[in-house]
Amino acid sequence: WYRSAGYPRCLSWHPQDGQSRYYRFLVLMSEIRALSADILCLVELDCFDEFRGALEKEGYDAVFQVRPGKRDGCGIFWRREAFVEAAPSSSLVFKVPENDRIAL
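A. Inspection of the pairing of strand β2 (residues 60-66) at higher detail. Pairing geometry for β2 and strand β3 (residues 73-79), over seven bridges, is antiparallel. Paired with Phe 64 across the bridge in β3 is Gly 75. Hairpin geometry of β2 and β3 is characterised by an intervening segment of six residues between the two adjacent antiparallel strands and by a positive phi of about 75 degrees at Gly 69.

B. Representation of helix α2 (residues 48-57) in the model. When we look at burial in α2, the residues that qualify are Phe 48, Phe 51, Ala 54 and Leu 55. Down the axis of α2, the smallest arc covering the buried residues is 140 degrees, so these residues share one side. The outward face of α2, more than 90 degrees from its buried face, is lined by the exposed residues Asp 49 and Lys 57. Note on α2: the residue one or two positions beyond its end, Gly 59, has a positive phi of about 95 degrees.

What counts and what doesn't
Residues numbered from 1 in each chain as written. Predicted model: local features only at pLDDT ≥ 70, side-chain atom pairs only at ≥ 80, totals over all residues. Heavy atoms only, no water. Pairing = 2+ DSSP bridges. Helix = DSSP H or I, 4+ residues; strand = E, 2+ residues; numbered from the N terminus. Buried < 20%, exposed > 50% of the residue type's maximum accessible area, 1.4 Å probe, protein only. Arc of directions from axis to C-beta.

Right under this line is the structure:
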């Protein structure tokens, strides 16, 4: 979704939206609540702790893996009433491009 395409619920940050990335956090949390999804997959996630804290209150558990050499990574959240973690998570680091991609 992006503003110039005319989508009413834009997730892309724009200077008129506020002075920090936390505006986007509030928009995403609003969208997540509206979706009421059992599973959420967030990529290029650089504020996992904030999302984990907020989503724990909404009934979600989570796993996270940072990309090698980066500050962001992949986060998977699931609704506790629908799913139970059966085993510890594992990750896969792709070789091409080197240390740039990760999967949970």
